[in-house]
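# Structure assessment
Spelled out from the first residue to the last, the chains are:
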Amino acid sequence: MRILLYNPDNGVTRNFMPHLWMFLLQTLTPPGHEVILIDGNAQPMNEESIARYVREQNIELVGIGAMTRMVAKAYRMADAVRGAGVKVVMGGPHVTEEFDEALGRSGGPRHADAVALGEADETWPKIVNDAARGELKEIYAPVDAFGQERKPTLQDYPAIPWDTMNLDQFNLVPKFLAPLLRKVPGKWGTFRIVPVESGRGCPYGCEFCTVTGFFGDSIRFRSNESVVDELLRLKARAQSEGGQIAVFFIDDNFAINVKRTKSLLRAIIAANAQVFWIAQISANLLRDEELVDLIAASGGIWIFIGMESIDPANLAAVNKGFNKPGEYAAVLDRLAQRNVFAITSFIFGMDNDTAGVAERTLQAIRSWAPGLPVFGLLTPLPGTPLYTKLEAAGRLTRPKHWLEFIAFAMAHTPLKMTVDEAHTEVRYAWDHAYSPEAIAHAVHSFDHKPVSYRINIFISRLCFRGIYFPQMNAMAWVKLIAENRRTIFELVKEGFQTDWGANPRVPIGAVGSGSNPGRELPKAS
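Below or above, wherever it landed, is the structure these notes cover. This structure is a prediction, so every number in the text was calculated from the model and none was measured.

For the rest of this paragraph, the subject is the overall build of the protein chain. Per the secondary structure count, the protein chain includes 20 helices and 14 strands. For 525 residues, the compact-globule estimate of 2.2 N^0.38 gives 24 Å, and the C-alpha radius of gyration of the protein chain, at 23 Å, lies within 12% of that figure. Out of the 525 residues in the protein chain, the part that is buried amounts to 58%. A fraction of 74% describes how many contacts in the protein chain between residues 6 or more apart in sequence connect residues 24 or more apart. Put simply, the protein chain shows about 20900 Å² of open surface, and 55% of that area lies on carbon and sulfur atoms. For the protein chain, the separation between the mean place of its 55 positive charges and that of its 57 negative charges on side chains is 4 Å.

Laid out in structure tokens, this is it:
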């Protein structure tokens, strides 16, 4: 068969990092089948174009994975594919929780011929074989001989052939710039952000998060050798292309077992497998000085920290009391001292939030080491304790909010503020955190470092600004550049005067608006 694996965009923001599930399932596909990957963020498609594609390319099976915020688009694309006479299998966290919805059993239309529940490492080969025989079942679940859910071990993790895969659609360097950038120091003829996992599962069980429900609360790890080998292959490919690569470790909490993480980082250093990398680590684990030393030495450049709130009462209410707002400044300073910086995530609309929460949060952020703050609204995702609680209390205003996705819009009534007030707060936070003045302030906070660091934070700030204010066309970028022209002029002038500085750090603005297959923006490591 010719098989298409498709991941949709949400139609609002771009995510420049592909999702791991496509590469993993391609690797796990039984021999004799051709698998094509399309990420809707890299190759935009609508219903008409995907229907035409599957007909013209003689596709016989389409696999579609999507998180909740993307599922409305996923359903529309699945309908178009099925309308073209091609079978569709859907999977992922949302479909696992709402499989009746995908199969048309809950009163709505049917979108999928089959669904893969939970982790599909073991069920995907069965799905492909059944489809090839014309015997596709409706539901595939990872269960043992006794009908109990079975989580795949990661000890025999498949070797994803990054060195031979076609990754052209994921290159973030425009083709016309590639010949020039191959000649600059460090060689930037290509640049890709690649997802890698070293473990699955999370024991914390935060009330709003889907990870524990989907991956479980027992942590499973790959061997150090497996992860190191993957990094070496990625590094070798980038070098052969005269380019660069960054890895996003998509583990929900990369350092959940600190001893194991230290062991892995030491193995990376010993094998000279360092690449630029980003990971999600909770603030409480970053108290460990040795861990932070190893993060920096192994290539870590940005750490995503789900701070969520500066209010301890909010954190306790969502089962995240292990976060201590009083420690946030010290954690960020500890990272910054080693030239590692933070993407900090905050959620508004929590039960103890009141009007003015955005400015109170920004006041705290301004006192910390500079980073990339991200703001979102508390969202009840299906299958989470939060959804169950709000549903029981009658507080859901849009119980099926995912069927009509609206970015940055509440789906329930907060306790101490109105829905409109919550919307105002999140807009205020983005407006003031990413204004030209705020961007200039962040850039100048690096005046004691080479200009490359200031360029890094500048580019990253512009791109992260696009999460809330999408820069989807040339005019949007022209306007943005004009607003920040003074900062741009200063950077260019200093760059030519100092030969662009030393020890450049890769800008990670291209990570975009979320990447982990088990999480929704805002993340909450």
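By the secondary structure assignment, threonine 498 is in helix H20 (residues 485-498). Judged by relative accessible area, threonine 498 falls into the partly exposed class, the value being 40%. The spatial distance from the C-alpha of threonine 498 to the C-alpha of leucine 396 is 56 Å, given a sequence separation of 102 residues.

What follows concerns the pattern of salt bridges. Counted by the stated rule, this structure contains 39 salt bridges. When the shortest N-O distance is used, the salt bridge between glutamate 290 and arginine 266 registers 2.9 Å. Of this pair, glutamate 290 sits in helix H11 (residues 289-297) while arginine 266 sits in helix H10 (residues 258-270), and the two are 24 residues apart along the sequence. Residue glutamate 290 is classed as partly exposed on the basis of its relative accessible area of 38%. Classification of arginine 266 by relative accessible area gives partly exposed; the value is 40%. One salt-bridge network, held together by shared partners, links Glu119, Asp121, Glu149, Lys151, Glu197, Arg200 and Arg220.

In space, the six strands of this open sheet follow the order S7-S10-S11-S12-S13-S14, with parallel pairing throughout. Both edges of this open sheet fall to strand S7 (191-196) and strand S14 (372-377), since each of them pairs with a single strand only. Averaged over neighbouring strand pairs, the angle between their axes works out to 20° when direction is ignored. As judged from the four bridges shared by strand S10 (residues 244-249) and strand S11 (residues 276-280), these two strands associate in the parallel manner. Of the residues in S11, the one forming a bridge with phenylalanine 248 is isoleucine 278. Sitting on the sheet, helix H9 (residues 224-240) touches S7 and S10, and the angle it makes with S10 is about 155°. Strand contacts of helix H16 (residues 419-433): strand S13 (341-348) and S14, with the helix running at about 165° to S14, the strand carrying the most contacts.

A separate point is helix H14 (residues 357-366). All buried positions along H14 are accounted for by Val357, Ala358, Thr361, Leu362, Ala364 and Ile365. Seen along its axis, H14 keeps its buried residues to an arc of 160°; they face one direction. For H14, the secondary structure elements touched by its buried residues are S13, S14 and H16.

Under the definition given, this model contains 22 aromatic pairs. A ring pair is formed by phenylalanine 23 and tryptophan 162, whose centres lie 4.8 Å apart and whose planes are at 50°; its orientation type is tilted. With phenylalanine 23 in helix H1 (residues 20-28) and tryptophan 162 in the loop between strand S6 (139-140) and helix H7 (178-181), the pair connects residues that are 139 residues apart, well separated along the chain. In this structure, lysine 449 is placed above the aromatic ring of tyrosine 453, and the distance from its NZ or CZ to the ring centre is 5.2 Å.

Moving on: the sheet that holds strand S3 (residues 61-65). Spatially, the six strands line up as an open sheet ordered S2-S1-S3-S4-S5-S6, and their pairing is parallel. Two strands close off the open sheet at either side, each with one partner strand: strand S2 (34-39) and S6. Bridge analysis of strand S5 (residues 114-116) against S6 gives two bridges, and the strand direction is parallel. Note on S6: the bridge partner recorded for alanine 116 is tyrosine 140. In the packing of helix H2 (residues 47-56) onto the sheet, contacts are made with strand S1 (2-7), S2 and S3, and the angle to S1 comes to roughly 160°. Sheet strands touched by helix H3 (residues 71-83): S1, S3 and strand S4 (87-91). Its angle to S4, the strand with the most contacts, is close to 160°.

As a further point, take the packing of helix H18 (residues 451-465) against H20. With their axes 10 Å apart at the nearest point, H18 and H20 run at an angle of 150° to one another. Judged by the inter-axis angle, H18 sits roughly antiparallel to H20. For the element pair H18 and H20, the recorded crossing hand is left-handed. From H18, Val451, Arg454, Ile455 and Phe458 reach across to H20, where they touch Thr487, Ile488, Leu491, Glu494, Gly495 and Thr498.

For the pair H9 and H10, the least separation of the axes is 10 Å and the interaxial angle reads 40°. Compared by their axis directions, H9 and H10 come out oblique. Of the two possible hands of crossing, H9 and H10 adopt the one that is right-handed. Counting all contacts with H9, which are made through Asn224, Val227, Val228 and Leu231, the residues of H10 involved are Arg260, Ser263, Leu264, Ala267 and Ile268. Residue classes in the contact of H9 with H10 are distributed as six nonpolar, two polar and one charged.

By the secondary structure assignment, arginine 222 is in the loop between strand S9 (220-221) and H9. Owing to a relative accessible area of 3%, arginine 222 belongs among the buried residues under this scheme. C-alpha of arginine 222 to C-alpha of leucine 154: the two residues are 68 residues apart in sequence and 4.9 Å apart in space. Apart from residues lying up to four places away in sequence, arginine 222 is in contact with Leu154, Gln155, Tyr157, Val196, Glu197, Ser198, Val227, Glu230 and Arg260. A polar side-chain atom of arginine 222 sits 2.8 Å from the main-chain carbonyl oxygen of glutamate 197.

Among all positions of helix H15 (residues 385-392), only Leu386, Tyr387 and Leu390 are buried. All buried residues of H15 project into a common sector of 100° when viewed along the axis, lining one side.

Turning our attention to the state of the cysteines. Per the stated rule, a full pass over the model turns up zero disulfides. Summary of cysteine pairing: cysteine 202 is not part of a disulfide, and the nearest cysteine sulfur, belonging to cysteine 206, is at 6.2 Å. When its relative accessible area of 5% is taken as the criterion, cysteine 202 is described as buried.

Here is what the cut-offs are and how they apply
Residues numbered from 1 in each chain as written. Predicted model: local features only at pLDDT ≥ 70, side-chain atom pairs only at ≥ 80, totals over all residues. Heavy atoms only, no water. Helix = DSSP H or I, 4+ residues; strand = E, 2+ residues; numbered from the N terminus. Rg over C-alpha atoms; globule rule 2.2 N^0.38 Å. Buried < 20%, exposed > 50% of the residue type's maximum accessible area, 1.4 Å probe, protein only. Contact = heavy atoms within 4.5 Å. Areas by Shrake-Rupley, 256 points an atom, 1.4 Å probe, with all protein chains shown as cover. Lys, Arg positive; Asp, Glu negative; His and termini not counted. Charge placed at Lys NZ, Arg CZ, Asp CG, Glu CD. Salt bridge = Lys/Arg side-chain N within 4 Å of Asp/Glu carboxyl O. Pairing = 2+ DSSP bridges. Axes fitted to C-alpha atoms, helices over the stretch in contact; angles between N-to-C directions. Arc of directions from axis to C-beta. Phe/Tyr/Trp six-rings, centres within 6.5 Å; stacked < 30°, edge-to-face > 60°. Lys NZ or Arg CZ within 6 Å of the ring centre and 35° of its normal. Parallel < 35°, antiparallel > 145°, perpendicular 65-115°, else oblique. Left-handed = near helix turned anticlockwise from the far one by under 90°. Nonpolar A, V, L, I, M, F, W, Y, C, P; charged D, E, K, R; others polar. Polar contact = N/O pair within 3.5 Å; in protein donor to acceptor, adjacent residues only side chain to side chain. Disulfide = S-S within 2.5 Å.

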